[in-house]
Amino acid sequence: MTFRSLDTADLAGKRALVRVDFNVPMEGGVITDDTRLRSALPTIRYLSSRGAKVILLAHFDRPKGQRVPAMSLGPVAGPLSALLGEPVLFGEDCIGADAYRTVASLENGQMALLENLRFHPGEETNDPAFVSELAAFGDLYVNDAFSAAHRAHASTEGLARLLPSYPGLAMRRELDMLDAALGNPQKPVLGIVGGAKVSTKLDLLNNLVRKLDRLAIGGGMANTFLAAQGHDVGGSLCEHDLGDTARAIMASAKTAGCELLLPVDVVVAREVKPGTATRTCGLDDVKAGDLILDAGPETVKRLIAAMDASKTLIWNGPLGVFEVPPFDAATVAAAKHAAGRVKTGQLVAVAGGGDTVSALNHAGVVDDMTFVSTAGGAFLEWMEGKTLPGVAALEV
Ligand code: AMP
């Protein structure tokens, strides 16, 4: 994949339309987590310091093409301005006369945030007329919202086709890290896929077994594989109807030369409750009414050995019910070990998707991984091997 670089762009006095992800959690008009604002700061500062007029485009929530006052981006402008230490103008609309006035009032280096793109139906339908109206305000387009790149919307895909387009700094880092994990990784590569169900991760598993040297399967989804191999999983979460699917995935792994690591021992309990009585047992010792809630110590030992034999790790999903101790033990032990290998430069570890970020946070190692993606759906689609329209449109 080749992209234009902002380093070579002529930015002074130019109007840069910058797609950001400001879909922040908000309660009563107050932002409760400003991570997404912070991740856009380097690109905004970069453009501003080179004299561009920075016009920020974003969506918020799901207004479905209607102007919904409760879904205004207005409450974001103040906190963003505070983080930047610079004024941020707010345009009451993202197209039309109001947006035009806001953009026209910008001096070089100044910034404006325009109202929720999704107040217009043309955003999500990628309507060419809407794309042209947006493009009229810009000389160039920068996409810094990897988390929205799996959608072919006007602001994520359409604009890139009309204006000279560039990935922003956060987008660039995300793409570089994804490439280091799955595109052109240092081999051998180990994957860890955990979480609740096989059914939500079929495409992901099918793609990974073709690309990885080893794949460890954990969490509730491992139960489906164990049952497919003929083990009794008692009352555990298990998709018994997916036995054929699990066997097909095991067969493709074999054909592709990907070693599958399934649990060899498990931690069971009678209920999912903190501090409940637990038992560690082998696969053929799970009783009726037992719930498999975590991987056992021998499984963790093997996983750690697999990490030590790998140069790259890609991780999605917890190995057990990490929200309820002690069923966080395998996830925490594996996460800490990965973090230690990253610190000593022996492992490139990239993680993301769903509950993975909270699991790594729980283990206290989210900042010790090489890269943790907060992009959710876009990260998963990329792990599934799908083309992300917002990324493809940036390619030259
Ligand atoms: P996902 O969103 O598919 O990554 O699934 C994450 C969820 O899987 C977490 O809430 C975990 O509690 C749950 N999970 C992991 N292992 C198990 C298990 N053995 N049984 C039931 N749920 C599990």
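Quick caveat, the model's predicted, so the values are computed rather than measured. (Residues numbered from 1 in each chain as written. Predicted model: local features only at pLDDT ≥ 70, side-chain atom pairs only at ≥ 80, totals over all residues. Heavy atoms only, no water.)

### Points about the site of the ligand
Every one of the 13 residues lining the ligand counts as a neighbour, but Ala-196, Lys-201, Gly-220, Ile-292 and Glu-323 are closest to it. With respect to the ligand, the side chain of Lys-201 contributes an N or O atom lying 3.0 Å from an oxygen atom. A distance of 2.5 Å separates an oxygen atom of the ligand from a polar atom in the side chain of Glu-323. Protein coverage of the free-state accessible area of the ligand, which is 500 Å², stands at 80%. Among the cavities detected, the one that contains the ligand is the second largest pocket. Of all the elements in the fold, those that place two or more residues in the shell around the ligand are α9 (219–228) and β14 (291–295). In the shell around the ligand, the residues fall into six nonpolar, four polar and three charged. (Near = heavy atom within 4 Å. Polar contact = N/O pair within 3.5 Å; in protein donor to acceptor, adjacent residues only side chain to side chain. Areas by Shrake-Rupley, 256 points an atom, 1.4 Å probe, with all protein chains shown as cover. 1 Å grid on protein atoms, 1.4 Å probe; cavity = no way out; pocket = protein on both sides within 12 Å on 5 of 7 lines; lining within 4 Å. Sits in = over half its atoms within 2 Å of the grid points. Helix = DSSP H or I, 4+ residues; strand = E, 2+ residues; numbered from the N terminus. Nonpolar A, V, L, I, M, F, W, Y, C, P; charged D, E, K, R; others polar.)

### Overview of the domain arrangement of the protein
Split by domain assignment, the protein resolves into domain 1 (6–170) and domain 2 (185–383). One C-alpha centre belongs to domain 1, the other to domain 2; they are set 37 Å apart. Counting residues at the interface gives four residues for domain 1, matched by seven residues for domain 2. When the area that domain 1 buries against domain 2 is broken down by residue, the three leading residues are Phe-146, Ser-147 and His-150, summing to 81%. Where domain 1 touches domain 2, the interface holds zero residue pairs in polar contact (both at pLDDT 80 or more). Looking at the side of domain 1 that touches domain 2 residue by residue, the classes come out as one nonpolar, two polar and one charged. (Domains from an automatic or database assignment. Contact = heavy atoms within 4.5 Å. Buried area = accessible area lost by both parts, 1.4 Å probe.)

### Examining the layout of surface pockets
Estimated volume of the largest pocket: approximately 620 Å³. Around the largest pocket, the lining is made up of 24 residues, and of these Thr-35, Ser-39, Glu-174, Val-372 and Thr-374 lie nearest the centre. Counting residues per element, the ones that place at least two in the lining of the largest pocket are α1 (35–49), α7 (169–183) and β17 (371–373). For the lining of the largest pocket, the element with the highest residue contribution is α7, accounting for five residues. When grouped by side-chain class, the residues that make up the lining of the largest pocket number 13 nonpolar, four polar and seven charged. Two domains each put at least three residues into the lining of the largest pocket: domain 1 (6–170) and domain 2 (185–383). As a volume, the second largest pocket reaches approximately 410 Å³. For the second largest pocket, the lining is made up of 33 residues, of which Gly-195, Ala-196, Gly-219, Gly-220 and Pro-318 are closest to its centre. Those elements giving two or more residues to the lining of the second largest pocket turn out to be α9 and β14. In terms of residue count, β14 provides more of the lining of the second largest pocket than any other element does, five residues in total. (Points joined across faces, edges and corners; volume = space filled by probe spheres on them.)

### Observations concerning the pairing of strand β16 (residues 348–352)
Here β16 lies mainly inside the structure; four of its five residues are buried. Taken together, strand β15 (residues 312–316), helix α12 (residues 329–343) and β16 form a β-α-β motif whose crossover is right-handed. Note that β16 and β17 share three bridges and pair parallel. Bridge pairing in β17 places Gly-352 opposite Ser-373. Since β16 and β17 lie parallel, the crossover through helix α13 (residues 356–362) that links them has a hand, and here it is right-handed. (Buried < 20%, exposed > 50% of the residue type's maximum accessible area, 1.4 Å probe, protein only. Right-handed = clockwise from strand over helix to strand, strands pointing away. Pairing = 2+ DSSP bridges.)

### Let's talk about the pattern of salt bridges
Within the structure shown, the criterion is met by 23 salt bridges. Among the salt bridges present, the one from Arg-247 reaches Asp-244, with a minimum N-O distance of 2.8 Å. Linking Arg-247 with Asp-244, this pair stays in helix α10 (residues 243–256), spanning three residues, or about one helical turn. On the accessibility criterion, Asp-244 (58% relative accessible area) is exposed. Several salt bridges share partner residues, and in doing so they unite Arg-270, Arg-279, Asp-285, Lys-287 and Asp-290 into one network. (Salt bridge = Lys/Arg side-chain N within 4 Å of Asp/Glu carboxyl O.)

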